[in-house]
Structure formats: C-alpha cells, structure tokens
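# Summary of the model geometry
Residues per chain, in single letters:
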Amino acid sequence: MSYLYSINNFALIIAAKLNLVFYLILLSSSVMAQNQTQHQIVIAHRGASGYLPEHTMESKSMAHAMGADYVEQDLVLTKDNVPVVMHDIYLDDVTDVAQIYPDRSREDGRYYIIDFTLQEVLRLSVNERINIKTQQLEFPNRFPRGKSLFRLHTFENEIELIQGLNQSSGKQVGIYPEIKNPAFHKKHGKDISKIVLDILKKYGYHQKTDRCILQCFDAAELKRIRFDLKSDLFLTQLMEFPDGISDLKDYAHYADAVGPPISQLIVSSYKIQGKTYSDLITEAHKLKLKVHPYTLRTEELKGFSNFDALLEFCFDTLNIDGAFTDFPDKTANFLRR
Ligand code: CA
C-alpha cells in the first residue's frame, strides 16, 4: 500500500515537473513570439540628417554606424533617367544650383533635377536645407550651411555604400527607398518605379524577406508596383492628413505597412468617425499592417518635455513598429535600454 502510494506520489511529482517544464517552454516561446512581434525598427530619415546635410553619403555612413536598422533613400530622376538620392524634385533648397547654373530655372524660379543630366548634377555641392521662401535654415542648430564639401549621388552609389558597410561591419542594415512624385515623372515621360525596381533586382532586393522596404505616397502607384509590376517587396503606403482609418482596408490589399505622420498619431483630439488617431495603430495591426510613422526629431517634441518622453510614448504607449528619425543614435539607444 505504502509502496504503491510512494509510486503514485513519485509519478505525480514527475508529472508536475514535466508540466512545469512544459509550462516554461510555452512561456519562453510566447515571450520569444512577443519579442519578435515587438521588434521595433529604427529608420534613418534621409540618413543621420540631424547631424549632417540630408541624403549625403556622409550622413548615410553615420546612420549605419549609429545603429539604424534601415537607411532611407528618396529617389528622383535626372534628365538622363538616373535615380538620384534627393528629397524633392527641386535642387535649389539643398544645393548651390542657382550659383552654378543661374539661367537654368523654370518660370516659377525653381530648379528641377529632371532638367539636368547626372554629370551636371554631380558638379553641385550640397548644403543644409533652407526654406526657399525665407532663405533661412530649416534647422538652424544643425550642420552649418556652406561649410565643408558634400555632393549628390546616385541610388546605385548608395546601395553599394550600404552593402559595402554591411560586409565590412558584419551588420545587416536595410534600405528604405521612396519613389518620389511618380505622376510628375510620368508627365515627363519617365517610369521611375520601373527603373527603381530594376536597380533593386540587380542588387538582390526582390522579395519581402530581403532587407528592403519600398515606400510611396501615391496609392495608385504603389498598387501598380504590387499588381502590374508584380513586385514581391515589402511595401509601405505613406499617409498624409486626412488619410485615416477608413483607408487602411484598401491599403492592406497591397501594402505591408503604413507610414502616417507622427502628429496624426499623437494629437488625440483629432477624431475621425468617432475614433482618435491613435486607434489607427490598433486598426492597422488588426489588418496585419505594420506602422512606421514619420518623423522623430529633437527639434519637434510635440508637447513632450524631452526626446525620450516622445520616444516612450510612440514606442511603448502607441506600440509603433518602427519610426523614421533624424536622430538614429538617440532612437536606437532608447530601444536598446
Ligand atoms: Ca522620404
């Protein structure tokens, strides 16, 4: 009797231990799953643009070294159809084009990159961004204007820089290219998306698992990229006010992520159909869309007392999946805390 009792007891203890082990395995796998879904990425907005003139190779190298997961490229075409990394279709707010080619502006006074060949564009020097109306620096405390020497570069130059740095550092930093103004390019007889996709393919980026995320504001163009140009890349639909929750279902048909402006997520007084903008994240997640808002910078604290408080609100409270930031070091340090 006592022998049987102890056998039973022993069996119970073993069963309890096995249960505990099983429970621990379950717990650790659920923590792992949570960590994977909670992985939040740092996207270096125009490089480490808080420290160096935007979209220069120097700013991209710095972002790579600072721990960015992805480095962003805005893409526009030259007259001879070469994608150059630049934020706008205009050259005059970030280069000395007005001094080098004084008679090449259009009637509106602006200098369009599409009117210049790559050779011509490469002669220009790049400066900190100015506001074209006031002629004042957009961010006066950043890199001083007119100091040192920076140049524009092609998309291929930059891919080779990132891939080269990945090899020499052992990191796996991704690229996050944006097709700028496809309608403007089309009006000039240029298919920028097709040109960009061909370059991406050439450098080994063609499916969702590759370290490349392609973004665009133009929903019709992003749809075309997915369905007509048959791209399998991870796609981000950029959003602008008043795009909102009601648009997410449509985006989810072809995109993998959305990129709303950060102020849309923060200003909870904005209401659409009775829902605040922060609900946009919950709704996006229900539709399996990641949320990568733009842009975190120390000069725009959105009412928070310091940059870390803004980061904490975005990453911890709102639960965003990543963010575009001018300060990849501060953002990466925050996430590594
Ligand atoms: Ca951009």
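On a predicted model such as this, the values are computed, not experimentally measured, just so you know. (Residues numbered from 1 in each chain as written. Predicted model: local features only at pLDDT ≥ 70, side-chain atom pairs only at ≥ 80, totals over all residues. Heavy atoms only, no water.)

## Structural notes on the overall build of the chain
For the record, the criterion: For the purposes of this entry, the term helix denotes a DSSP run of H or I that reaches at least four residues, the term strand denotes a run of E that reaches at least two, and both are numbered from the N terminus. To sort residues, take the accessible area from a 1.4 Å probe on protein chains only and compare it with the maximum for the residue type: under 20% means buried, over 50% means exposed, and anything in between is partly exposed. Contact criterion: two residues are considered in contact whenever any of their non-hydrogen atoms come within 4.5 Å of each other. To measure how exposed things are, a 1.4 Å probe is used in the Shrake-Rupley method; for residues, cover is taken only from the protein chains shown.
In terms of helices and strands, the chain carries 13 helices and 11 strands. When the 337 residues of the chain are sorted by exposure, 48% land in the buried category. Taking all contacts inside the chain whose residues are at least 6 apart in sequence as the whole, residues at least 24 apart take part in 66%. Carbon together with sulfur atoms contributes 54% to the accessible area of the chain, which is approximately 16,800 Å² in total.

## Observations concerning the coordination of the calcium ion
What counts, and what does not: Note that water is not among the atoms used; donors are N, O and S atoms within 2.8 Å of the metal (3.2 Å for Na, K and Ca), so sites may look incomplete.
Every protein donor of the calcium ion is accounted for by Glu72 (OE), Asp74 (OD) and Glu178 (OE), and the metal-donor separations fall at 2.2 to 2.3 Å. The motif formed by the donor residues of the calcium ion, counted along the single chain, is E-x1-D-x103-E. Of this pair, Asp74 sits in strand β2 (residues 70-77) while Glu178 sits in strand β4 (residues 174-179), and the two are 104 residues apart along the sequence. The exposure class of Asp74 is buried, given its relative accessible area of 0%. Judged by its relative accessible area of 5%, Glu178 is buried.

## Comments concerning the pairing of strand β5 (residues 213-216)
Here is the rule we go by: A strand pair is defined by DSSP finding two or more bridges across the two strands.
Going residue by residue along β5, you find Ile213 and Gln215 tucked away on one face and Leu214 and Cys216 tucked away on the opposite face as well. The pairing of β5 with strand β6 (residues 234-238) spans 4 bridges and is classified as parallel. Bridge assignment links Cys216 to a residue of β6, and that residue is Gln237.

## Observations regarding empty space enclosed by the protein
Operational definition: Using only the protein atoms, space was sampled on a 1 Å grid; points where a 1.4 Å probe fits but cannot get out form cavities, open sets with protein on both sides within 12 Å along at least five of seven lines form pockets, and lining residues are those with an atom within 4 Å of a point. Grid points are joined across faces, edges and corners, and a volume is the space filled by probe spheres set on the points. Note that Gly is not counted as nonpolar here; it falls among the polar residues with everything else outside the nonpolar set of Ala, Val, Leu, Ile, Met, Phe, Trp, Tyr, Cys and Pro and the charged set of Asp, Glu, Lys and Arg.
Overall, the coordinates contain 1 cavity of 30 Å³ or more when judged by the stated rule. The volume enclosed by the largest cavity comes to roughly 30 Å³. What lines the largest cavity is simply Glu54, His55, Met86, Val94, Val126 and Leu152. Grouping the constituent residues of the lining of the largest cavity by class yields 4 nonpolar, 1 polar and 1 charged.

## Some words on the layout of surface pockets
There is about 430 Å³ of room inside the largest pocket. What lines the largest pocket is a set of 21 residues, among which His45, Arg46, His87, Phe217 and Tyr294 lie closest to the centre. Counted by class, the lining of the largest pocket contains 6 nonpolar, 5 polar and 10 charged residues.

## With respect to the packing of aromatic side chains
To keep it simple, the criterion reads: Pairs were defined over the aromatic rings of Phe, Tyr and Trp, the Trp ring being its six-membered one, requiring ring centres within 6.5 Å. Orientation was assigned from the angle between planes: stacked under 30 degrees, edge-to-face over 60, tilted for the rest. Lysine and arginine charges are scored as sitting over a ring when NZ or CZ, respectively, is within 6 Å of the ring centre and within 35 degrees of the ring normal.
One pass over the structure, following the stated rule, counts 12 aromatic pairs. When the ring of Phe304 is compared with that of Phe313, the centres are 5.2 Å apart and the planes differ by 40°; the resulting orientation is tilted. Accessibility expressed as a relative area gives 23% for Phe304, which makes it partly exposed. The class of Phe313 is partly exposed, set by a relative accessible area of 22%. These aromatic residues form a ring-pair network of at least three members: Tyr51, Phe307 and Phe327. Taking NZ or CZ as reference, Arg337 lies 4.0 Å from the ring centre of Phe334, over its face.

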